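The lines below spell out each chain.
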Amino acid sequence: MMQWSYAPSRALPARVQRHVTMWRKANEAFVAPDRPVVTFTFDDFPKSALNGADIVEKHGGRAGFYACTSLMGQRSPVMGEMFDTATLAELRERGHEIGAHTHAHLDCSRAQLSQVERDIGENLVALAEAGHDATVSAFAFPYGETTYSAKQWVGDLFATARGILPGLNMNEVDRSQLRAVELGASAMHRRRALSALDACITRKAWLFFFTHDVGETPTSYGAPADLIEELAARAVEAGAVLAAPTLGAVLSGVID
Ligand SMILES: [Zn+2]
């Protein structure tokens, strides 16, 4: 199936466009939390991301789960069983946040705005039909790909939208393309994640982490449970709050 194997364009025009889009803020906001805020997020998302929920909860926090509804109840050849209606209900019951992630795992930089709107509409309808009747106020762009007009539109619909550009969210940000640091199994991932966390704590910023599956031996899209454990423990120890995306936005002063 296409949806398991698509990769965004790496051609020069696409890369240039990505930079132009990143620097053009569609929804400016100011991040100034009283305490550092760390938001763990899981995209798509495989059932094993529940391991991430367990760890974040153990440290007194809650996480965000971005649901791509065409994958609901499916089995990924790579990441295994994907979330289903029971997963959504359980996470919500436990106080975690369910966000939107498009229905078709759409590359929003390659689609017309009307298609982006339609697809996200479908995503929200599918979530409601799956029994998730809460307001969905968090969104993540598949592949982190977007355009200025998609960011504008998404900013009207959701309190926050997360991309995959690495870095901290601090001072002036685009709340419709928040930065996020990827968690993975390599030594490089761990080093980058720890240094981002240290910077977040020192500078009192808002830091998103993102990954997909979670386990002892994660896939190349996923993160080891012990890395999440290490980061969560260290964050809390240093006085950070582990908040789901919308609470993170409130604590950061991005939204009321
Ligand atoms: Zn995704």
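Residues numbered from 1 in each chain as written. Predicted model: local features only at pLDDT ≥ 70, side-chain atom pairs only at ≥ 80, totals over all residues. Heavy atoms only, no water.

Considerations on the overall build of the protein chain
So the rule is basically this: For the purposes of this entry, the term helix denotes a DSSP run of H or I that reaches at least four residues, the term strand denotes a run of E that reaches at least two, and both are numbered from the N terminus. Computation of the radius of gyration draws on C-alpha atoms, with the globule rule given as 2.2 Å multiplied by the number of residues to the power 0.38. Between buried and exposed lies partly exposed: a residue is buried under 20% and exposed over 50% of the maximum accessible area for its type, with that area taken using a 1.4 Å probe on protein chains only. Note on definitions: a residue-residue contact is assigned when non-hydrogen atoms from the two residues lie within 4.5 Å. Per-residue accessibility takes into account occlusion by the displayed protein chains alone, with areas from the Shrake-Rupley method and a 1.4 Å probe. His is not counted here, nor are the chain ends, while Lys and Arg score as positive and Asp and Glu score as negative. For this purpose, a charge sits on NZ of Lys, CZ of Arg, CG of Asp or CD of Glu.
In terms of helices and strands, the protein chain carries 9 helices and 14 strands. The C-alpha radius of gyration of the protein chain comes to 17 Å, within 12% of the 18 Å expected for a compact globule of 256 residues. Counting across all 256 residues of the protein chain, residues that qualify as buried make up 54%. Pairs at least 24 residues apart make up 72% of the contacts formed inside the protein chain by residues separated by at least 6 positions. When the accessible surface of the protein chain is totalled, it reaches about 11,200 Å², and 51% of it is carbon and sulfur. With 24 positive and 30 negative side-chain charges, the protein chain shows a spacing of 8 Å between the two charge centroids.

Details of helix 6 (residues 148-157)
Heads up, the condition is: In this description, the arc belongs to the directions extending from the helix axis to the C-beta atoms.
Restricting attention to buried positions, one finds in helix 6 the residues Ala 150, Lys 151, Val 154 and Gly 155. Taken end-on, helix 6 shows its buried residues confined to a sector of 135 degrees, consistent with a single buried face. Those residues of helix 6 that are buried lie in contact with helix 2 (12-23), helix 5 (113-129), strand 7 (138-140), strand 8 (160-162) and strand 9 (171-174).

Digging into the coordination of the zinc ion
Condition: Sites may look incomplete, because water is not among the atoms used; the donor set itself consists of N, O and S atoms within 2.8 Å of the metal (3.2 Å for Na, K and Ca).
Those protein atoms acting as donors to the zinc ion are Asp 44 (OD), His 101 (NE2) and His 105 (NE2), and they sit at 2.0 to 2.1 Å. Every donor residue of the zinc ion comes from the same chain, spaced as D-x56-H-x3-H. Separated by 57 residues along the polypeptide, Asp 44 in strand 2 (residues 37-44) and His 101 in the loop between strand 6 (97-100) and helix 5 bring together distant segments of the chain. Judged by its relative accessible area of 5%, Asp 44 falls in the buried class. A residue is classified by how much of its surface remains accessible, and His 101, at 1% relative accessible area, is buried.

Topic: the nonpolar core
The condition that has to hold: Here, the term nonpolar core denotes a set of buried Ala, Val, Leu, Ile, Met, Phe, Trp, Tyr and Cys residues that are joined through side-chain atoms within 4.5 Å.
The biggest cluster of nonpolar side chains holds 52 residues, and the ones touching the most others in it are Val 38, Phe 40, Phe 65, Leu 183, Phe 209 and Leu 231. Counting residues per element, this core draws most heavily on helix 8 (residues 225-237), at 6 residues. If near-sequence neighbours (up to four positions away) are discounted, Leu 231 is found in contact with Phe 40, Leu 183, Ala 193, Leu 194, Leu 197 and Phe 209. With 15 residues, the next largest nonpolar core counts Val 31, Ala 140, Leu 178 and Ala 180 among its residues.

Details of the pattern of salt bridges
Quick reminder of the rule: One side-chain nitrogen of Lys or Arg within 4 Å of one carboxyl oxygen of Asp or Glu is enough to make a salt bridge.
What the rule picks out here adds up to 12 salt bridges. As a salt-bridge pair, Asp 84 and Lys 47 come within 2.9 Å of each other at their nearest N and O atoms. Pair noted here: Asp 84 is in the loop between strand 5 (80-81) and helix 4 (85-93) and Lys 47 is in the loop between strand 2 and helix 3 (50-58), with a separation of 37 residues, a long-range link. A salt bridge links Arg 234 to Asp 198, with the nearest nitrogen and oxygen atoms 3.4 Å apart. Pair noted here: Arg 234 is in helix 8 and Asp 198 is in helix 7 (residues 187-203), with a separation of 36 residues, a long-range link. We classify Arg 234 as partly exposed; its relative accessible area is 34%.

Digging into the layout of surface pockets
The criterion, for reference: Site definitions follow a grid-based scheme: protein atoms alone, a 1 Å grid, a 1.4 Å probe that fits but cannot get out for cavities, and for pockets an open set with protein on both sides within 12 Å along at least five of seven lines, plus lining residues having an atom within 4 Å of a point. Grid points are joined across faces, edges and corners, and a volume is the space filled by probe spheres set on the points.
Taken as a whole, the largest pocket holds about 1,200 Å³ of empty space. When contributions to the lining of the largest pocket are tallied by element, the ones reaching two or more residues are helix 1 (2-5), helix 2, strand 2, strand 10 (181-182) and helix 7. Reported here for the second largest pocket is a volume of approximately 200 Å³. Together, 13 residues line the second largest pocket, and Lys 25, Glu 172, Val 173, Asp 174 and Arg 179 are the ones closest to its centre.

Quick look at the environment of Phe 141
Summarising the element assignment, Phe 141 is placed in the loop between strand 7 and helix 6. Through-space distance from the C-alpha of Phe 141 to that of Leu 165 is 11 Å; in sequence the pair is 24 residues apart. If we skip the residues at most four places from it in the chain, Phe 141 touches His 101, Cys 108, Thr 146, Ala 150, Lys 151, Val 154, Ala 161, Arg 162 and Ser 176.

Concerning a nonpolar patch on the surface
Put simply, the test is: Each patch is assembled from residues with relative accessible area greater than 30% and no salt bridge, linking like charges that lie within 9 Å and nonpolar side chains (Val, Leu, Ile, Met, Phe, Trp, Tyr) that lie within 5 Å.
A cluster of nonpolar side chains, Leu 12, Val 16 and Val 20, forms an exposed patch at the surface whose accessible area comes to about 270 Å². Among the structural elements, Val 20 can be located in helix 2.

Comments concerning helix 4
Using the following cut-off: Pairs of N or O atoms are called polar contacts if they sit within 3.5 Å, as long as, within protein, a hydrogen donor faces a hydrogen acceptor (for residues adjacent in sequence, only side-chain-to-side-chain pairs).
Residues Thr 87, Leu 88 and Leu 91 constitute the buried set of helix 4. One side of helix 4 holds all its buried residues, which, seen down the axis, span an arc of 100 degrees. Of the surrounding secondary structure, the elements contacted by the buried residues of helix 4 are helix 3, strand 3 (64-67), strand 6 and helix 5. Capping the start of helix 4, Asp 84 holds a side-chain oxygen 3.1 Å from the backbone nitrogen of Ala 86, two or three residues further along.

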